[in-house]
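# Secondary and tertiary structure notes
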Amino acid sequence: MADSNTESTPDQSKDQFYQEFISDFAANLGVSADQVTAALEATKKQMVQEAVQQGKITQTQADEILAQKGFGFGFGMGDHRQNRGDITQNAGFLNDAAGVLGISADELKSELQSGKKLDQIINDHGMTMDQFRQKMPKPQRPLMNDKGVNNTDASAGTTSN
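This paragraph deals with the overall build of the chain. Per the secondary structure count, the chain includes 7 helices and 0 strands. Counting helices and strands in the order they occur from the N terminus, the chain gives α-α-α-α-α-α-α. Scored against the burial criterion, the 161 residues of the chain give a buried share of 20%. Total accessible area on the chain is roughly 12,200 Å²; 49% of this is exposed by carbon and sulfur atoms.

Turning our attention to the nonpolar core. In this structure, Leu 101, Leu 108, Leu 112, Leu 118, Ile 122, Met 127 and Phe 132 are the most contacted members of the largest nonpolar core, which totals 15 residues. Of all the secondary structure elements, the ones that give two or more residues to this core are helix 4 (91-101), helix 5 (105-113) and helix 6 (118-124). Sequence-distant contacts of Met 127, defined by excluding residues within four places in its chain, comprise Val 100, Leu 101, Ile 122, Phe 132 and Lys 135.

Here we take up the confidence of the model for the chain. Per-residue confidence for the chain averages 75 on the pLDDT scale, and 68% of its residues sit at or above 70. Ranking the elements of the chain by mean pLDDT puts helix 1 (residues 10-29) last with 81 and helix 6 first with 90. Every residue in residues 1-8 is under pLDDT 50, and counting partners more than four places away or in other chains gives 2 contacts. Under a pLDDT of 50 for its full length, residues 74-84 has, in the predicted model, 9 contacts with residues more than four places off or in other chains.

Within the structure shown, the criterion is met by 1 aromatic pair. Ring centres of Phe 21 and Phe 25 lie 5.5 Å apart, and the angle between their planes is 15°; this geometry places the pair in the stacked category. One end of the pair is Phe 21 and the other is Phe 25, both in helix 1 and 4 residues apart, which spans about a single turn. The partly exposed category is assigned to Phe 25, whose relative accessible area is 35%.

This next bit is on the packing of helix 4 against helix 5. Each pair of packed helices can be summarised by the angle the axes make with each other and by the distance between the axes. Contact geometry for helix 4 and helix 5: axes closest at 8 Å, N-to-C directions at 100°. The pairing of helix 4 with helix 5 is recorded here as roughly perpendicular in orientation. Mapping the contact onto sequence places Leu 94, Asn 95, Ala 97, Ala 98 and Leu 101 in helix 4 and Ala 105, Leu 108, Lys 109 and Leu 112 in helix 5.

This next bit is on the pattern of salt bridges. The full count for this structure, using the stated rule, is 4 salt bridges. Here Glu 111 and Lys 116 are joined by a salt bridge, their closest N and O atoms 3.4 Å apart. The class for Lys 116 is partly exposed, based on a relative accessible area of 28%. Note that Asp 130 is salt-bridged to Arg 133, the shortest N-O span being 3.7 Å. Of this pair, Asp 130 and Arg 133 are both found in helix 7 (residues 129-135), 3 residues apart, which corresponds to roughly one turn of the helix. Connected through shared salt-bridge partners, Glu 111, Lys 116 and Asp 124 make up one network.

Relative orientation of the contacting elements helix 2 (residues 33-53) and helix 3 (residues 59-67) amounts to 170°, with a least axis distance of 9 Å. The orientation of helix 2 relative to helix 3 falls into the category roughly antiparallel. Contacts from Lys 44, Lys 45, Val 48, Gln 49 and Val 52 of helix 2 reach helix 3 at Gln 59, Ala 62, Ile 65 and Leu 66. Here the residues of the contact of helix 2 with helix 3 sort into 5 nonpolar, 2 polar and 2 charged.

Thresholds, definitions, all that
- Residues numbered from 1 in each chain as written.
- Predicted model: local features only at pLDDT ≥ 70, side-chain atom pairs only at ≥ 80, totals over all residues.
- Heavy atoms only, no water.
- Helix = DSSP H or I, 4+ residues; strand = E, 2+ residues; numbered from the N terminus.
- Buried < 20%, exposed > 50% of the residue type's maximum accessible area, 1.4 Å probe, protein only.
- Areas by Shrake-Rupley, 256 points an atom, 1.4 Å probe, with all protein chains shown as cover.
- Core = buried A, V, L, I, M, F, W, Y, C linked by side-chain atoms within 4.5 Å.
- Contact = heavy atoms within 4.5 Å.
- pLDDT = per-residue confidence, 0-100.
- Phe/Tyr/Trp six-rings, centres within 6.5 Å; stacked < 30°, edge-to-face > 60°.
- Axes fitted to C-alpha atoms, helices over the stretch in contact; angles between N-to-C directions.
- Parallel < 35°, antiparallel > 145°, perpendicular 65-115°, else oblique.
- Salt bridge = Lys/Arg side-chain N within 4 Å of Asp/Glu carboxyl O.
- Nonpolar A, V, L, I, M, F, W, Y, C, P; charged D, E, K, R; others polar.

Structural data, given as structure tokens:
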């Protein structure tokens, strides 16, 4: 059991979880951890290249995924916050967040791409994460009527029953 007094970073926890997963998975299969790792990496490469060929992701995105240690698909195993995609590609979020921070979306994107974490950028701009969240616009969900129909898509015609 891990020492509860030991500080760990989210990346260390993720790496530790991945190594434990590989070890347990290998034991369950009756093979070595090296064999499991090689098979996972080969499968990851195959699936990523198929996604590029199908136009689901760009080659740049594929290269980023393949450069990541472990699964590299953003599964976020053990950490629910990991599965949010690349926020530098989300123009709506960048515009909203930049507005809250008082900077341009390009400035925010540049800071994120330089390796800074969002919470660090928020703190650098004199805000706490809670203050930032309170100022961020809430995501808009389509309004549904009692029949589960999206009212924002309603046309000028009538609905048949």
